[in-house]
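Here's the letter readout for the chains.
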Amino acid sequence: MPVMIWNRKKSHQPADMAVGPKAFISGHQFTLKGSPRFYEDVKEIITDGGGQVYFSEALTYERGAAVALWRVRANDFGWLQSLYDYWVEMERTEPIATTFHLYMPHDLKYPALDLRTHTPAQVEAYIREHAPIMDSSPYTGRTKLGPPENFKNPK
């Protein structure tokens, strides 16, 4: 009798596709919002410069405007100058004026800074002074559904 495919004990997932826990860094936590046109490039600039984008959205809407969102943790801010250089080059080649806004975790409704009106050094100083330093993993793997851990059934 031939061996049926559902009777095999072999895993069909290659070893290089195994999913492990995501690495995280501790650092200043903040949010950037800007043009969806630059989503992938900005994400790459941040991660290549030593920051970590732990959550991002390529297209979201804020007060009717389309924006991209990057939630970042960083200790090193060398990528800020690279972001500004990239931004200048994009505005030189494309005749569209854009801006980036910085948000703090405690107030995601209103921007703390408009990056257009500040230098990279001023933005870094503001983040170091006002952004909270987080050292817990943003990837908890838990959902917000279900009872809390210390829940006792009243039955």
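Summary of the structure given here. Fair warning: this is a prediction, and the values are worked out from it, not measured in the lab.

## Digging into the packing of aromatic side chains
Then, number 1: For the structure on display, the rule yields eight aromatic pairs.
Then, number 2: Note on W70 and F100: the rings are 6.0 Å apart at their centroids and 45° apart in plane angle, and the pair reads as tilted. Remark: F100 occurs in the loop between α2 (79–93) and β4 (101–103) and W70 occurs in strand β3 (residues 65–74); sequence separation between them is 30 residues. Note on accessibility: W70 and F100 belong to one class, buried.
Then, number 3: Seen from their ring centres, F77 and W79 are 6.3 Å apart, and the 40° between their planes marks the pair as tilted. Like F77, the residue W79 is buried in the burial classification.
Then, number 4: Grouped by ring-pair contacts, the aromatic residues Y39, W70, Y84, W87 and F100 constitute a single cluster.

## Concerning the environment of Y39
Then, number 1: Relative to the elements of secondary structure, Y39 occurs in helix α1 (residues 39–48).
Then, number 2: Looking at Y39, the relative accessible area reads 10%, which means it is buried.
Then, number 3: Counting along the chain gives 31 residues from Y39 to W70, while the straight-line C-alpha distance between them is 8.5 Å.
Then, number 4: Residues contacting Y39, with those up to four places away along its chain left out, are S56, E57, A58, A68, L69 and W70.

## Overview of the pattern of salt bridges
Then, number 1: Taken as a whole and judged by the stated rule, the model has six salt bridges.
Then, number 2: Residue E91 pairs with R116 through a salt bridge whose shortest N-O separation is 2.3 Å. Taken together, the positions of E91 in helix α2 and R116 in the loop between β5 (113–114) and α3 (120–130) put the pair 25 residues apart, joining distant regions of the chain.
Then, number 3: By relative accessible area, which is 25% here, E91 ends up partly exposed.
Then, number 4: With a relative accessible area of 40%, R116 lands in the partly exposed category.
Then, number 5: Among the charged side chains, a network of salt bridges with common partners joins K33, E62 and R63.

## Looking at unusual backbone geometry
Then, number 1: Backbone geometry places R63, a non-glycine residue, at a positive phi of 50°.
Then, number 2: When you line up the elements, R63 lands in the loop between β2 (52–62) and β3.
Then, number 3: We classify R63 as exposed; its relative accessible area is 59%.

## Remarks on the pairing of β2
Then, number 1: By the bridge criterion, eight bridges tie β2 to β3 in an arrangement that is antiparallel. When the bridges of β3 are listed, Q52 appears paired with R73.
Then, number 2: Taking the residues that link successive antiparallel strands as the turn, the β2-β3 hairpin has two residues, and the phi of R63 there is positive, at about 50°.

## Topic: α3
Then, number 1: All of the buried residues in α3 are P120, V123 and I127. Considered in projection along α3, the buried side chains sweep an arc of 60° and stay on one side of the axis. The exposed set on the far side of α3, more than 90 degrees from its buried face, consists of A121 and E129.
Then, number 2: Looking at the buried side of α3, the elements it contacts are β1 (27–34), α2, β4 and β5.

The rules we used
Residues numbered from 1 in each chain as written. Predicted model: local features only at pLDDT ≥ 70, side-chain atom pairs only at ≥ 80, totals over all residues. Heavy atoms only, no water. Phe/Tyr/Trp six-rings, centres within 6.5 Å; stacked < 30°, edge-to-face > 60°. Helix = DSSP H or I, 4+ residues; strand = E, 2+ residues; numbered from the N terminus. Buried < 20%, exposed > 50% of the residue type's maximum accessible area, 1.4 Å probe, protein only. Contact = heavy atoms within 4.5 Å. Salt bridge = Lys/Arg side-chain N within 4 Å of Asp/Glu carboxyl O. Pairing = 2+ DSSP bridges. Arc of directions from axis to C-beta.

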